[in-house]
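Next come the chains, spelled out residue by residue.
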Amino acid sequence: PVAPPSKRGRKSAVLDVGTGTGVLAIAAAKTLRAPVLASDIDRRAVTIARDNAHKNRVGTCVQVIRSAGLGVAQFRACAPYDLIVANILLEPLRGLATPMARLVVAGGHIVLSGLLAAQAGPALASYRTRGLVLVRRIPLEGWTTLILARPTRGRRL
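The rules behind these values
- Residues numbered from 1 in each chain as written.
- Predicted model: local features only at pLDDT ≥ 70, side-chain atom pairs only at ≥ 80, totals over all residues.
- Heavy atoms only, no water.
- Helix = DSSP H or I, 4+ residues; strand = E, 2+ residues; numbered from the N terminus.
- Buried < 20%, exposed > 50% of the residue type's maximum accessible area, 1.4 Å probe, protein only.
- Contact = heavy atoms within 4.5 Å.
- Areas by Shrake-Rupley, 256 points an atom, 1.4 Å probe, with all protein chains shown as cover.
- Pairing = 2+ DSSP bridges.
- Axes fitted to C-alpha atoms, helices over the stretch in contact; angles between N-to-C directions.
- Expected span 1.5 Å × (residues − 1).
- Arc of directions from axis to C-beta.
- Lys, Arg positive; Asp, Glu negative; His and termini not counted.
- Salt bridge = Lys/Arg side-chain N within 4 Å of Asp/Glu carboxyl O.
- Polar contact = N/O pair within 3.5 Å; in protein donor to acceptor, adjacent residues only side chain to side chain.

A. Main features of the overall build of the protein. When helices and strands are counted, the protein shows six helices and seven strands. The order of α-helices and β-strands along the protein, N terminus first, is β-α-β-α-β-α-β-α-α-β-α-β-β. For the protein, the proportion of its 157 residues judged to be buried stands at 43%. Nonlocal contacts in the protein, meaning residues at least 24 apart in sequence, comprise 64% of its contacts between residues at least 6 apart. Of the accessible surface of the protein, which amounts to about 8500 Å², a share of 55% is contributed by carbon and sulfur atoms.

So, in structure tokens, the structure goes:
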């Protein structure tokens, strides 16, 4: 279970990395009733995700930007996030471990999906070394989703 978004006046409570069509961003906006910042490296995906957010009546809650990685100032300006979701390939996930760990609020969650079962261990190792802990591993038909949390106490990143 994911804690409800904190009420700190942030612009975004949820970050969707590699949003694609925007399905996770839309689901988060509708389910959590929280602002979402979504990003994708692909210009066409950004356009599609924006259109889908508007079609699903969450266009005012979901902001979609084009970005490779998490280095754009807008990510930091909207941080920290209560929830970060990423349904992308293993190598980009590993490369994003440090910035994601820095962007999630203490007590917040990161959900990594799109991992083949054999990739879950290497992905998990990358995030554990950044101080995140495994909350749940969900295997499904050869795929694995990892739910991680940033402890409320512990080392700073």
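B. Representation of the environment of Ala68 in the model. With respect to the helices and strands, Ala68 occurs in the loop between β3 (62-66) and α3 (73-77). For the pair formed by Ala68 and Ser39, sequence separation is 29 residues and the distance between their alpha carbons is 8.2 Å.

C. Inspection of the sheet that holds strand β1 (residues 14-17) at higher detail. Strands sit in the order β3-β2-β1-β4-β5-β7-β6 across an open sheet of seven strands; the sheet is mixed. Whereas interior strands pair on both sides, the edge strands pair on one side only; in this sheet they are β3 and β6 (133-140). On average, each strand axis in the sheet is inclined to that of its neighbour by 15°, with strand direction left out of account. Sheet strands touched by helix α6 (residues 120-128): β5 (104-116), β6 and β7 (143-149). Its angle to β7, the strand with the most contacts, is close to 15°.

D. Quick look at helix α2 (residues 43-55). Over its 13 residues, α2 runs 19 Å from end to end, which matches the ideal 18 Å to within 8%, given 1.5 Å per residue. Listing the buried residues of α2 in full gives Ala45, Val46, Ala49 and Ala53. For α2, the angular spread of the buried residues around the axis is 100°, confining them to a single face. Opposite its buried face, α2 presents the exposed residues Arg43, Arg44, His54 and Lys55, each directed more than 90 degrees away.

E. Representation of the side chain of Arg150 within the structure. By the element assignment, Arg150 lies in the segment after β7. Buried charge without a partner: Arg150 forms no salt bridge, and the closest opposite charge is Asp82, 10 Å away. Here the side chain of Arg150 touches Val104 through a polar contact of 2.7 Å, landing on its backbone oxygen.

F. Up close: the pairing of strand β4 (residues 81-87). Burial analysis of β4 places six of its seven residues in the buried class, the great majority of the element. Of the pairings in the sheet, the one linking β4 to β5 comprises six bridges and is parallel in character. Among the inter-strand pairings, Asn87 is bridged to a residue of β5, identified as Ser113.

G. Spatial organisation of the environment of Val104. Within the secondary structure, Val104 is located in strand β5. Classification of Val104 as buried rests on a relative accessible area of 0%. Taking the C-alpha atoms as reference, Val104 lies 7.2 Å from Ala79; in sequence the two are 25 residues apart. Discounting residues that sit within four places of it in the chain, Val104 has contacts with Pro80, Tyr81, Asp82, Ile84, His109, Ile110, Leu132 and Arg150.

H. Unusual backbone geometry, seen in detail. Following Ala79, the chain continues to Pro80 via a peptide bond in cis, the omega torsion being 0°. Structurally, the position occupied by Pro80 is in the loop between α3 and β4. Phi is positive for Glu141, close to 50°, though the residue is something other than glycine. Mapped onto the elements of the fold, Glu141 is located in the loop between β6 and β7. Owing to a relative accessible area of 75%, Glu141 belongs among the exposed residues under this scheme.

As far as function goes, none of this settles anything; it's purely spatial.
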